[in-house]
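One letter stands for each residue in the lines below.
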Amino acid sequence: MLTDTTSATSLIFAANRARGSVAFDVHLVNGITRRRHLHESGSLRVRFPSPETDSLSAVFVNTAGGVAGGDRFDINIAAGEGARLTLTTAAAEKIYRAESSPAQLDISLKAAAGSHLGWLPQETILFDRARVSRRIDIDLAEGASLLLSEIVVFGRAAMGERMLQGEFIDRWRVRRGGRLVFAETIRLDGDIGAKLARPAVAKGGVAIGTALIVPGDEVLVERIRTLSDKFGGEVGISAWNGFAMVRFCAEDAARLRTDMMAVLGHARGLALPRLWLN
């Protein structure tokens, strides 16, 4: 009887997990980027604010109100030749406590020759005992450009909350012209609070971030380093394989966000989404 009850509970839990997916592509029409095909399902939606330039902006909205254990969200975006697209989120994404299965986030971005893609979501906030596995796959044609920003916050410090236990797996793969130019997998699990306190990990910081800029070179690196005196957290930047990468770590999310905005403002590409400026 206990087995039957447990099985029934598991089925009910699985049936109530949020699912969401968005897939669309954009192309150039008379010099202006326009949406072409769009598919939405589940609790994930995308909206397109009125364009003010020849580029297009897209804003993701999670109507589930957050992400919990067992939830799954898929995003698949393609920018055609010469298109200019900026993607962001309506608010910070919150990852809540998971009892068993981790949440899964799969993101696929493709940019054709001459296109520019900006992936600039607002922060991802992990609550205590959250479990999430995220995968980001980026496929860039030769001549495409990319401005990508990701911020992860381990607990809301302003609310006196910290992420002590949980699991965070983040897998990134970047290809350019069909060739793998960057591969990284980050895994933090178990006593995450203690691991973040280690000097070699985050030295007590609760917010980390990464900016990926393609193309990127030493000239760009030196331009961003002129901001060093203004950074509130730790920031490191380097360039290789034709792209630049900036790493961020700070004691609170607000400080890191300010540093990130300063770096993105000095990088090539599109202007920051308005939602970042509110």
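Structure's up top.
Residues numbered from 1 in each chain as written. Predicted model: local features only at pLDDT ≥ 70, side-chain atom pairs only at ≥ 80, totals over all residues. Heavy atoms only, no water.

1. Here's the deal with the nonpolar core
Reasoning step 1: Of all hydrophobic cores here, the largest spans 51 residues; its most connected members are F24 and L87.
Reasoning step 2: The dominant element in this core, judged by the number of residues it contributes, is strand β8 (residues 103–111), at five residues.
Reasoning step 3: Apart from residues lying up to four places away in sequence, F24 is in contact with H37, L38, V46, F48, A58, F60, N76, I77, A78, L85 and L87.
Reasoning step 4: Counting 27 residues, the second largest nonpolar core, distinct from the first, contains V153, I224, I237 and V263. (Core = buried A, V, L, I, M, F, W, Y, C linked by side-chain atoms within 4.5 Å. Buried < 20%, exposed > 50% of the residue type's maximum accessible area, 1.4 Å probe, protein only. Helix = DSSP H or I, 4+ residues; strand = E, 2+ residues; numbered from the N terminus. Contact = heavy atoms within 4.5 Å.)

2. A short note on the pattern of salt bridges
Reasoning step 1: Using the criterion set out here, one finds 20 salt bridges in the structure.
Reasoning step 2: Residue R17 is joined to D71 by a salt bridge in which the shortest nitrogen-to-oxygen separation is 3.4 Å. Within this pair, whereas R17 is found in the loop between α1 (2–15) and β1 (19–29), its partner D71 is found in the loop between β4 (56–62) and β5 (72–79), the two being separated by 54 residues in sequence.
Reasoning step 3: Via salt bridges that share partners, R131, E167, R187, D189 and K195 belong to a single interconnected network. (Salt bridge = Lys/Arg side-chain N within 4 Å of Asp/Glu carboxyl O.)

3. Some thoughts on the packing of aromatic side chains
Reasoning step 1: Using the criterion set out here, one finds seven aromatic pairs in the structure.
Reasoning step 2: Measuring from ring centre to ring centre gives 6.0 Å for F154 and F168, while their planes differ by 85°; the resulting arrangement is edge-to-face. Note that F154 is positioned in strand β12 (residues 145–154) and F168 in strand β13 (residues 166–176), a separation of 14 residues in sequence. Here F154 and F168 have matching classes, each one buried. (Phe/Tyr/Trp six-rings, centres within 6.5 Å; stacked < 30°, edge-to-face > 60°.)

4. Some words on helix α3 (residues 218–225)
Reasoning step 1: Looking only at α3, the buried set comprises L220, V221 and I224. The buried residues of α3 occupy one face: seen down the axis, they fall within an arc of 105°.
Reasoning step 2: Among the structural elements, β15 (207–214), β16 (234–240), β17 (243–250) and α4 (253–266) are those in contact with the buried residues of α3.
Reasoning step 3: The opening residue of α3 is D217, an N-cap whose side-chain oxygen sits 3.2 Å from the backbone nitrogen of V219. (Arc of directions from axis to C-beta. Polar contact = N/O pair within 3.5 Å; in protein donor to acceptor, adjacent residues only side chain to side chain.)

5. Here's the deal with the pairing of strand β2 (residues 32–42)
Reasoning step 1: Bridge analysis of β1 against β2 gives nine bridges, and the strand direction is antiparallel. Bridging from a neighbouring strand, G20 pairs with G42 of β2.
Reasoning step 2: Hairpin connection between β1 and β2: a loop of two residues separates the two successive antiparallel strands, and N30 in this loop has a positive phi of roughly 55°. (Pairing = 2+ DSSP bridges.)

6. Points about the sheet that holds β2
Reasoning step 1: Strands sit in the order β2-β1-β5-β8-β11-β13-β14 across an open sheet of seven strands; the sheet is mixed. Here the strands that pair on one side only, and so sit at the sheet edges, are β2 and β14 (179–190). Taking the axes of each pair of neighbouring strands and ignoring which way they run, one obtains an average angle of 5° across the sheet.
Reasoning step 2: Sheet topology note: the β5/β8 ladder contains eight bridges and is parallel. Paired with N76 across the strands is S108, a residue of β8. (Axes fitted to C-alpha atoms, helices over the stretch in contact; angles between N-to-C directions.)

7. Thoughts on the environment of D106
Reasoning step 1: Along the chain, the position of D106 falls in strand β8.
Reasoning step 2: For the pair formed by D106 and I75, sequence separation is 31 residues and the distance between their alpha carbons is 6.3 Å.
Reasoning step 3: Excluding its chain neighbours within four sequence positions, the residues that come into contact with D106 are R72, F73, D74, I75 and R135.
Reasoning step 4: A distance of 2.7 Å separates a polar atom in the side chain of D106 from a polar atom in the side chain of R72.

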